[in-house]
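Secondary and tertiary structure notes
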Amino acid sequence: MAKKNIFSYDEAMREVEQIVDRIERGGDEAKFDDLIGDVEKALKLLAQCKKNLSETEKQIADIANKIDEKDD
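A few points on the structure. Predicted, not measured: the structure shown is a model, and the values here were computed from it.

Definitions and cut-offs
- Residues numbered from 1 in each chain as written.
- Predicted model: local features only at pLDDT ≥ 70, side-chain atom pairs only at ≥ 80, totals over all residues.
- Heavy atoms only, no water.
- Helix = DSSP H or I, 4+ residues; strand = E, 2+ residues; numbered from the N terminus.
- Buried < 20%, exposed > 50% of the residue type's maximum accessible area, 1.4 Å probe, protein only.
- Axes fitted to C-alpha atoms, helices over the stretch in contact; angles between N-to-C directions.
- Parallel < 35°, antiparallel > 145°, perpendicular 65-115°, else oblique.
- Left-handed = near helix turned anticlockwise from the far one by under 90°.
- Contact = heavy atoms within 4.5 Å.
- Nonpolar A, V, L, I, M, F, W, Y, C, P; charged D, E, K, R; others polar.
- Expected span 1.5 Å × (residues − 1).
- Patch = residues over 30% accessible without salt bridge, like charges linked within 9 Å, V, L, I, M, F, W, Y side chains within 5 Å.
- Areas by Shrake-Rupley, 256 points an atom, 1.4 Å probe, with all protein chains shown as cover.
- Salt bridge = Lys/Arg side-chain N within 4 Å of Asp/Glu carboxyl O.

1. Some remarks on the overall build of the chain
The helix and strand inventory of the chain stands at 2 helices and 0 strands. Going through the 72 residues of the chain one by one, you find that 10% of them count as buried.

Structural data, given as structure tokens:
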């Protein structure tokens, strides 16, 4: 059975931070030829994080609404 790929906000942000650190530090770890790929990957991760935050915000609002409905 295939393992479902579960998105982790924390892991994605850690990876973005690593990419940014690597680019800022330069040196042997930051190769100019990898720059476009690194930036593209970071932007994709940030887009996933934004989507995840929006979904989480909606879930929290739904929970709050259910609690409010129970109180009425």
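2. Some remarks on the packing of helix H1 (residues 9–25) against helix H2 (residues 35–71)
Packed helix pairs are characterised by how far apart their axes lie and by the angle those axes make with each other. With their axes 9 Å apart at the nearest point, H1 and H2 run at an angle of 150 degrees to one another. Regarding the angle of H1 to H2, the classification is roughly antiparallel. Handedness of the H1/H2 crossing: left-handed. Of the residues in H2, those in contact with Tyr9, Ala12, Met13, Glu15, Val16, Ile19, Arg22 and Ile23 of H1 are Leu35, Asp38, Val39, Lys41, Ala42, Leu45, Leu46, Cys49, Asn52 and Leu53. Counted by class, the contact of H1 with H2 contains 13 nonpolar, 1 polar and 4 charged residues.

3. What about H2?
Because an α-helix completes one turn every 3.6 residues, residues spaced three or four positions apart along the sequence face the same direction. For H2, spanning 37 residues, the distance from its first C-alpha to its last is 54 Å, which sits close to the expected 54 Å at 1.5 Å a residue. Taken together, the buried positions of H2 are occupied by Asp38, Ala42, Leu45 and Cys49.

4. Comments concerning a nonpolar patch on the surface
There is a patch of nonpolar side chains on the surface, built from Ile23, Phe32, Leu35, Val39, Leu43 and Leu46 and spanning about 550 Å² of accessible area. When residues in the nonpolar patch are grouped by element, the largest group, 4 residues, is from H2. Mapping leucine 43 onto the fold places it in helix H2.

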